[in-house]
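One letter stands for each residue in the lines below.
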Amino acid sequence: SGLWVLPCSEAPIPADAVAWGSSWGWNWEWVRAPRLRELAPGLRAEEGLFCPEVAQVRNPRLLQALAAYLQKLGVPLQEQVSIRQLEVHGSVVKLVDAGGQWEAERVIISAGAWSSGLLRGLDIELPVQPVRGQILLLQGT
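The rules behind these values
- Residues numbered from 1 in each chain as written.
- Predicted model: local features only at pLDDT ≥ 70, side-chain atom pairs only at ≥ 80, totals over all residues.
- Heavy atoms only, no water.
- Core = buried A, V, L, I, M, F, W, Y, C linked by side-chain atoms within 4.5 Å.
- Buried < 20%, exposed > 50% of the residue type's maximum accessible area, 1.4 Å probe, protein only.
- Patch = residues over 30% accessible without salt bridge, like charges linked within 9 Å, V, L, I, M, F, W, Y side chains within 5 Å.
- Areas by Shrake-Rupley, 256 points an atom, 1.4 Å probe, with all protein chains shown as cover.
- Salt bridge = Lys/Arg side-chain N within 4 Å of Asp/Glu carboxyl O.
- Helix = DSSP H or I, 4+ residues; strand = E, 2+ residues; numbered from the N terminus.
- Pairing = 2+ DSSP bridges.
- Polar contact = N/O pair within 3.5 Å; in protein donor to acceptor, adjacent residues only side chain to side chain.
- Contact = heavy atoms within 4.5 Å.
- 1 Å grid on protein atoms, 1.4 Å probe; cavity = no way out; pocket = protein on both sides within 12 Å on 5 of 7 lines; lining within 4 Å.
- Points joined across faces, edges and corners; volume = space filled by probe spheres on them.
- Nonpolar A, V, L, I, M, F, W, Y, C, P; charged D, E, K, R; others polar.

Draft legend 1. Looking closely at the nonpolar core. Counting residues in each nonpolar core, the largest one holds 6 residues, listed as Ile13, Ala17, Trp28, Leu49, Cys51 and Val54. The next biggest cluster of nonpolar side chains, apart from the first, holds 5 residues, and it includes Leu86, Leu95, Leu118 and Leu119.

In structure tokens, the structure reads:
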């Protein structure tokens, strides 16, 4: 995967883009042709900023596949539930929301960047946070 930032006349790459990315601990690389063609032969650019550590997941597709797999295994699912608290009692996880509670031996936390808030109550630090951004998916030739 990785993230490409490509310049154009309407929106050149900001001079501080590498510093911004580095502040998040990412390794940015200015890539120029022909190396750009090796890494991304479909891109039609002469140069670009590349960050190999940034990955992408199409969340709706991932969760749809996960739900289908779990249903195939006979796992009961509770969707559209806003869990407010997790508690662990021995080998049982108790999930609490405004309308009730559930117990399970295993749970999958799929709250994205908000997962850290749920896990914090269990003294688990997950270094993720929501970051406002934009996503663009192009189907190029």
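Draft legend 2. Highlighting a nonpolar patch on the surface. Taken together, the side chains of Trp20, Trp24 and Val131 make up a nonpolar region of the molecular surface, amounting to roughly 320 Å² of accessible area. Tracing the backbone shows Trp20 in helix α1 (residues 17-23).

Draft legend 3. Representation of the pairing of strand β6 (residues 100-104). Alignment of strand β5 (residues 92-97) against β6, held across 5 bridges, turns out to be antiparallel. By the bridge assignment for β6, Val93 is matched with Ala104. Following β5, the chain reverses through 2 residues before pairing antiparallel with β6.

Draft legend 4. Molecular detail of the side chain of Ser115. One can find Ser115 in helix α4 (residues 115-120). Judged by relative accessible area, which is 5%, Ser115 ranks as buried. A distance of 3.3 Å separates the side chain of Ser115 from the backbone nitrogen of Ala111, its partner in a polar contact. Every residue in contact with Ser115, bar those within four places of it in the chain, is listed here: Ile109, Ser110 and Leu126.

Draft legend 5. Summary view of the layout of surface pockets. What the second largest pocket holds in volume is close to 1000 Å³. Those elements that place two or more of their residues in the lining of the second largest pocket are α3 (59-72), β4 (83-89) and β6. It is α3 that contributes the most residues to the lining of the second largest pocket, 4 residues altogether. Class assignment of the residues belonging to the lining of the second largest pocket gives a composition of 18 nonpolar, 3 polar and 3 charged.

In short, the description is geometric, and any link to function would need to be established separately.
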